[in-house]
Amino acid sequence: MRNLDLTVPGLGGPFWDAVIVGLALAAAYVSYRRIFELAHSPAGAKGPWVLLAARSLAVGAILLFLLAPILSWEREDSPRGRVVVLVDTSGSMAVSDGPDGARRLDAARRILSDPDRGILEPLKDLYEVEVYAFDAGARRLAGAESLEGLDPAGPATDVREALARSRESGEAQAVVLVSDGRETTTGSARELARAGAPIHAVGIGSLASGDPYAIDLAVADLRAPRTALVRNRIAFLATIRCSAPGPVETALELRRAGAVLATRRIELSPGSAEEEIEFLPIEPGAFEFEVRVVPVAGEAIEENNSRFVGLSVSAEKVRVLCYETTLRWKYTYLKRALEQDENVMLACLVRTGPARASFQGSSPVDLADGFPATRAALQVFDCLVLGDLAATDLTEDEWKLVRDYVSEAGGGLLLLPGKKAAGPAGLGATALAPALPVALSGATEHTGDLAIAVTAEGTGHAILAGLGPFPHLASVLAPVRLAPGATPLALWSGADSEGLLLVERRYGEGRVAIFLSEADWQWARTPAAKTFEALWGQSVRWAARRDQDGEAGGSGFALRAAPRLVPSGEPVLLTVTGAPEGSQVRVQVVSPDGAVADVELAAGEGTRSGTFRPTSPGEHAAVAREGSREARASFVALRPAGEMDEPFLDEHLLRDLARDSGGAYYTVLDAHRIPEALERSRRTSVERVEHSAGDSPVLFAVFVLLLSCEWALRRWMQIL
């Protein structure tokens, strides 16, 4: 209570208030003057004074009620408020780099619940505290005891999701974030930090530059094909980062499900180096491979010594038909790249006249008469590549055949247009126009030194997987507009303009992609030749759906998984064919941890299908059973990239979050000061409290009670 104040509004100002009080007291005295002169009463000599006191108190009570004096003071209030504590449980929190060799999550537990210096109990004395554990998602813990059951095994770190989840219960006065800051998702936590409660971040872990003499080996990058053929050698190219005072001898291993498939000795010098290891697959399926640098004595962090990659191995080559009208440089180098690909069977037709075409390569059907004339002949090929064609380079029926090959037969189509295909009588004037990923008509050649950027959708896409950065281009077709339902995978940009370069879409049952430059052939004459070869090798595989192959069982009974390589949490479509109508079919999926799940199937036209969402990364085995028949398929749930790539403390991110939100950054050593800092910054409110006598019915009740008592006394004293 402070700043006490008394005011009397009164009836007519201070003078008249005093007059009224004086008259009231005088009337009380005059009314009792004669009593003191009366004869003795039963109350004796004190009786008149008691009556006078009762009457005076009654008059005082009614005067307070009428004059309504106001007593006021200021009262401070500090509401408990709400504080959210976010604890990182991602995989990088399992790194043992504490001062005493403890894991990062163990250090976080001590910061929160240590009996002497833990911050949870002091915070609970001041606030309503909510504790959340987060990695790829966030979940609220039931109480402090739940901290002991946390396991640092989360596949990713999503600070933004944790902040968003913590706000669902309302506004917080502060957020305490305990993490190594190794954010591995695409969302930006800083956007939420600027618009929310102050974040007090506690950084746990060692800095990358903390000890120049510490030894640390890491697989910083891993490149491998997404698809391959059985009995075709696969090369895994790993970028190895070495932090050590001198050369280190170790081994590079290729593993699958913990078993070593290949190994080779390597010597690493401080810095980065590329090392290759090969493998020959002998069976089809979807597999997860691990490339691992064997840890050496004294290594600080072993969790970043491995990287994983998914690979779909097929038993058959991709059958590709390429149709061109001119011997462009692009055609020449594309043909050479695909001919050298052991997993591709290439057939090429070059139109040499109105009714003539030159055939090159090998084909499972006779192409002596030119372009396939029937759907059956065209469907022999998995992928069709069309070059710079005008509307007259195929007949109207042939254009419709191509359209139906994609939309109905599920064929793959790659479009490599030039000026002719973009003209008024080009692809836009054919029956294929509805399938185009872009509105191409009217585009012209745009030249310059043009940079290439991969879009968010293109990152990790099967066409561009493992590729980049890309060399510049000298020319593109522009401008073009994106067609409805199409997805841009790569863009180009020049000094004063930008546009689409690589776009894909689904059309009916098939896939279509278009590349809007004729100049990429120049890469084949530079050190980027492998990029050129990989780009088109992966493009034909994507168009041919070789990321969705299935394995068949006996008697035509088959199970297919699509796609075979999928991010964790994304759906996989499991389709059963060859089961008689009305028969009982059961599909089960065995996860890498051994868990078995039944898949609910829906009947389609000649098929049974259902979806499964893998929650754990790695190889999954699916099996379909119908009576005594059995069919199997496999798929790989890909591991989120980045969690253990750089498992060091990202102090910059945590400091930025604290600064942007108005909070502070703490280390493990000074985190115990957080409750004190929050107490100093607690929100306090000052309230002016007023009590008026005129608002109190108690005074009027006292007035009536005193008058009643006085009357009773007078009656008893026989003075009426």
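Just so you know, these numbers come straight off a predicted model, no measurement behind them.

Peer 1: Describe the overall build of the chain, and please don't skip the residues or the numbers.
Peer 2: When you go through the chain residue by residue, the secondary structure sums to 14 helices and 39 strands. For the chain, buried positions account for 49% of its 720 residues. Sequence-distant contacts in the chain: of pairs separated by 6 or more residues, those separated by 24 or more amount to 72%. Accessible area of the chain: about 34200 Å², with a carbon and sulfur share of 53%.

Peer 1: Requested: an account of the environment of Leu 414, with residues and values cited.
Peer 2: With respect to the secondary-structure elements, Leu 414 resides in strand S20 (residues 412-415). The buried category is assigned to Leu 414, whose relative accessible area is 3%. Between the alpha carbons of Leu 414 and Arg 511 there is a distance of 8.5 Å; along the sequence they are 97 residues apart. In contact with Leu 414, not counting residues within four places along its chain, are Cys 383, Leu 384, Val 385, Leu 386, Ala 513, Trp 536, Ser 539, Val 540 and Ala 543.

Peer 1: Which residues make up the sheet that holds strand S18 (residues 356-361), and what values go with them?
Peer 2: Taking strand neighbours across the sheet as the criterion, the ten strands line up as S18-S17-S16-S19-S20-S27-S26-S25-S22-S23 in an open arrangement whose pairing is mixed. Strands with a single pairing partner mark the edges of an open sheet, and in this sheet they are S18 and strand S23 (473-478). The mean inter-strand angle of the sheet, taken between neighbouring strand axes irrespective of direction, is 30 degrees. On the sheet, helix H7 (residues 329-339) packs against strand S16 (318-324), strand S17 (344-353), S18, strand S19 (383-386) and strand S27 (510-515) and is oriented at approximately 155 degrees with respect to S17.

Peer 1: So, the packing of H7 against helix H11 (residues 529-543): which residues are in play, and what are the values?
Peer 2: Axis separation between H7 and H11 bottoms out at 9 Å; the angle between their running directions is 75 degrees. When the axis of H7 is compared with that of H11, the two are roughly perpendicular. On H11, the residues that touch Lys 330, Tyr 333, Leu 334, Ala 337 and Leu 338 of H7 are Phe 532, Glu 533, Trp 536, Gly 537 and Val 540. Its residues assigned to classes, the contact of H7 with H11 shows seven nonpolar, one polar and two charged.

Peer 1: Please set out the environment of Val 219 residue by residue, giving values where relevant.
Peer 2: Its location among the elements puts Val 219 in strand S8 (residues 216-223). Among the residues examined, Val 219 registers a relative accessible area of 1% and is labelled buried. Counting along the chain gives 56 residues from Val 219 to Glu 275, while the straight-line C-alpha distance between them is 9.9 Å.

Peer 1: Got a sec to walk through the pairing of S20? Specific residues and values, please.
Peer 2: Residues Gly 412 and Leu 414 line one face of S20 and the alternating positions Leu 413 and Leu 415 line the opposite face, and both faces are buried. Pairing of S19 with S20, which is carried by four bridges, proceeds in the parallel orientation. Pairing of Val 385 across the sheet is with Leu 414, part of S20. Taken together, S19, helix H9 (residues 396-407) and S20 constitute a β-α-β crossover, and its handedness is right-handed. Here four bridges tie S20 to S27, and the two strands are oriented parallel to one another. Paired with Leu 413 across the strands is Val 512, a residue of S27.

Peer 1: Talk me through the environment of Arg 103; I want residue IDs and the actual numbers.
Peer 2: Take Arg 103: it is sitting in the loop between strand S3 (82-88) and helix H3 (104-113). Beyond its immediate chain neighbours, meaning those up to four positions away, Arg 103 contacts Met 93, Ala 94, Val 95, Ser 96, Arg 109 and Pro 152.

Peer 1: Now, about the pattern of salt bridges: what can you tell me, with residues and values included?
Peer 2: One pass over the structure, following the stated rule, counts 38 salt bridges. A salt bridge links Arg 241 to Asp 216, with the shortest nitrogen-to-oxygen separation between them at 4.0 Å. With a gap of 25 residues between them, Arg 241 in strand S10 (residues 234-243) and Asp 216 in strand S8 connect regions that are remote in the sequence. Like Arg 241, the residue Asp 216 is buried in the burial classification. The salt bridge partner of Asp 382 is Arg 319, with a shortest N-O separation of 3.6 Å. Of the two residues, Asp 382 sits in the loop between helix H8 (375-378) and S19 while Arg 319 sits in strand S16, which places them 63 residues apart along the sequence.

Peer 1: How would you sum up the packing of aromatic side chains? Please name residues and give values.
Peer 2: Geometry of an aromatic ring pair is reported as the spacing of the ring centres plus the angle between the planes. On inspection of all chains with the given rule, the structure shows ten aromatic pairs. Aromatic pair Phe 236 and Phe 289: ring centres 5.5 Å apart, planes at 55 degrees, arrangement tilted. Here Phe 236 is found in strand S10, whereas its partner Phe 289 is found in strand S14 (residues 285-293), with 53 residues between them in sequence. Neither residue differs from the other here; Phe 236 and Phe 289 are each classed as buried. On the basis of an interplanar angle of 20 degrees and a centroid distance of 5.6 Å, the ring pair of Tyr 333 and Trp 521 is categorised as stacked. Taken together, the positions of Tyr 333 in helix H7 and Trp 521 in the loop between S27 and H11 put the pair 188 residues apart, joining distant regions of the chain. With a relative accessible area of 13%, Trp 521 lands in the buried category. Through pairs of rings, three or more aromatic residues link up here, namely Phe 236, Phe 279, Phe 287 and Phe 289. Against the face of Phe 308 rests Arg 639, its NZ or CZ located 3.8 Å from the ring centre.

Peer 1: If you had to explain the confidence of the model for the chain to someone new, which residues and values would you point to?
Peer 2: Taken as a whole, the chain shows an average pLDDT of 83; of its residues, 81% reach a score of 70 or greater. The model gives residues 39-43 a pLDDT under 50, and that stretch makes five contacts with residues more than four places away or in other chains.

Peer 1: Can you lay out the side chain of Ser 661 for me, pointing to particular residues and giving the numbers?
Peer 2: Tracing the backbone through its elements, the reader meets Ser 661 in helix H12 (residues 651-661). Within the structure, the side chain of Ser 661 is placed 2.8 Å from the backbone oxygen of Leu 657, a separation counted as a polar contact. When near neighbours in sequence (up to four residues on either side) are disregarded, Ser 661 contacts Ala 193, Gly 196, Ala 197, Pro 198 and Ile 199.

Peer 1: Quick rundown of H7? Include the residues and the values.
Peer 2: For H7, the set of buried residues is Lys 330, Tyr 331, Tyr 333, Leu 334, Lys 335, Ala 337 and Leu 338. Elements that come into contact with the buried residues of H7 comprise S16, S17, S18, S19, S27 and H11.

Peer 1: If you had to explain H3 to someone new, which residues and values would you point to?
Peer 2: Summarising burial for H3: seven of the ten residues are buried, a large majority. Every buried residue of H3 is listed here: Arg 104, Leu 105, Ala 107, Ala 108, Arg 109, Ile 111 and Leu 112. Looking at the buried residues of H3, the elements they touch are S3, helix H4 (120-126), strand S6 (174-179) and strand S7 (199-203).

The rules behind the values
Residues numbered from 1 in each chain as written. Predicted model: local features only at pLDDT ≥ 70, side-chain atom pairs only at ≥ 80, totals over all residues. Heavy atoms only, no water. Helix = DSSP H or I, 4+ residues; strand = E, 2+ residues; numbered from the N terminus. Buried < 20%, exposed > 50% of the residue type's maximum accessible area, 1.4 Å probe, protein only. Contact = heavy atoms within 4.5 Å. Areas by Shrake-Rupley, 256 points an atom, 1.4 Å probe, with all protein chains shown as cover. Pairing = 2+ DSSP bridges. Axes fitted to C-alpha atoms, helices over the stretch in contact; angles between N-to-C directions. Parallel < 35°, antiparallel > 145°, perpendicular 65-115°, else oblique. Nonpolar A, V, L, I, M, F, W, Y, C, P; charged D, E, K, R; others polar. Right-handed = clockwise from strand over helix to strand, strands pointing away. Salt bridge = Lys/Arg side-chain N within 4 Å of Asp/Glu carboxyl O. Phe/Tyr/Trp six-rings, centres within 6.5 Å; stacked < 30°, edge-to-face > 60°. Lys NZ or Arg CZ within 6 Å of the ring centre and 35° of its normal. pLDDT = per-residue confidence, 0-100. Polar contact = N/O pair within 3.5 Å; in protein donor to acceptor, adjacent residues only side chain to side chain.

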